[in-house]
Amino acid sequence: MRELKSIMRHLYGAGILFFYYMKWPIVLGLPVLYFYLEYPRNIWLDILWIYCLALIIKDFMMMFLRYKRGEKIWR
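No experiment lies behind these values; they were computed from the predicted model shown. (Residues numbered from 1 in each chain as written. Predicted model: local features only at pLDDT ≥ 70, side-chain atom pairs only at ≥ 80, totals over all residues. Heavy atoms only, no water.)

Moving on to the packing of aromatic side chains. In this structure the tally under the stated criterion is 5 aromatic pairs. Summarising the aromatic geometry, the rings of Y20 and Y21 are spaced 4.9 Å apart at their centres and angled 90 degrees between planes, so their arrangement reads as edge-to-face. Residue Y20 shares its accessibility class with Y21, and that shared class is exposed. Measuring from ring centre to ring centre gives 6.3 Å for W24 and F60, while their planes differ by 85 degrees; the resulting arrangement is edge-to-face. Highlighted residues: W24 in helix 1 (residues 2-35) and F60 in helix 2 (residues 43-69), separated in sequence by 36 residues. Accessibility expressed as a relative area gives 40% for W24, which makes it partly exposed. Overall, F60 belongs to the partly exposed group, its relative accessible area being 45%. (Phe/Tyr/Trp six-rings, centres within 6.5 Å; stacked < 30°, edge-to-face > 60°. Buried < 20%, exposed > 50% of the residue type's maximum accessible area, 1.4 Å probe, protein only. Helix = DSSP H or I, 4+ residues; strand = E, 2+ residues; numbered from the N terminus.)

On the surface, a cluster of nonpolar side chains totalling about 670 Å² of accessible area is made up of V32, L33, F35, Y36, L37 and Y39. Tracing the backbone shows V32 in helix 1. (Patch = residues over 30% accessible without salt bridge, like charges linked within 9 Å, V, L, I, M, F, W, Y side chains within 5 Å. Areas by Shrake-Rupley, 256 points an atom, 1.4 Å probe, with all protein chains shown as cover. Salt bridge = Lys/Arg side-chain N within 4 Å of Asp/Glu carboxyl O.)

Turning next to the side chain of D46. By the element assignment, D46 lies in helix 2. By relative accessible area, which is 18% here, D46 ends up buried. Separated by 3.0 Å, the side chains of D46 and Y34 make a polar contact. Sequence-distant contacts of D46, that is, excluding residues within four places in its chain, are made with L30, Y34 and R41. (Polar contact = N/O pair within 3.5 Å; in protein donor to acceptor, adjacent residues only side chain to side chain. Contact = heavy atoms within 4.5 Å.)

Relative to the helices and strands, K23 is located in helix 1. A relative accessible area of 10% means that K23 is categorised as buried.

Our focus in this paragraph is the packing of helix 1 against helix 2. Where helix 1 contacts helix 2, the two axes come as close as 9 Å, and the packing angle between them is 125 degrees. Here helix 2 runs oblique to helix 1, going by the angle between their axes. Helix 2 is crossed by helix 1, and the crossing has left-handed handedness. In this structure, helix 1 contributes F19, K23, W24, I26, V27, L30, P31 and Y34 to the contact, and helix 2 contributes L45, D46, L48, W49, Y51, C52, L53, L55, I56, D59 and F60. (Axes fitted to C-alpha atoms, helices over the stretch in contact; angles between N-to-C directions. Parallel < 35°, antiparallel > 145°, perpendicular 65-115°, else oblique. Left-handed = near helix turned anticlockwise from the far one by under 90°.)

Rendered as structure tokens:
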């Protein structure tokens, strides 16, 4: 049980780091791949693109809410 918990923590941390650094390149790069480089469509990449887009929208919403409350936008 302890081993599984440790593995899950590592996967969670890796996921956070992956999406922190890769959400913008995925959201901007996948349409370029599809429309300009004629990359074949892939349902899993489409789902990943939607998830990254949702994360970007969430970031902007959190920034807007912090601005309305008078908090610092950037930490």
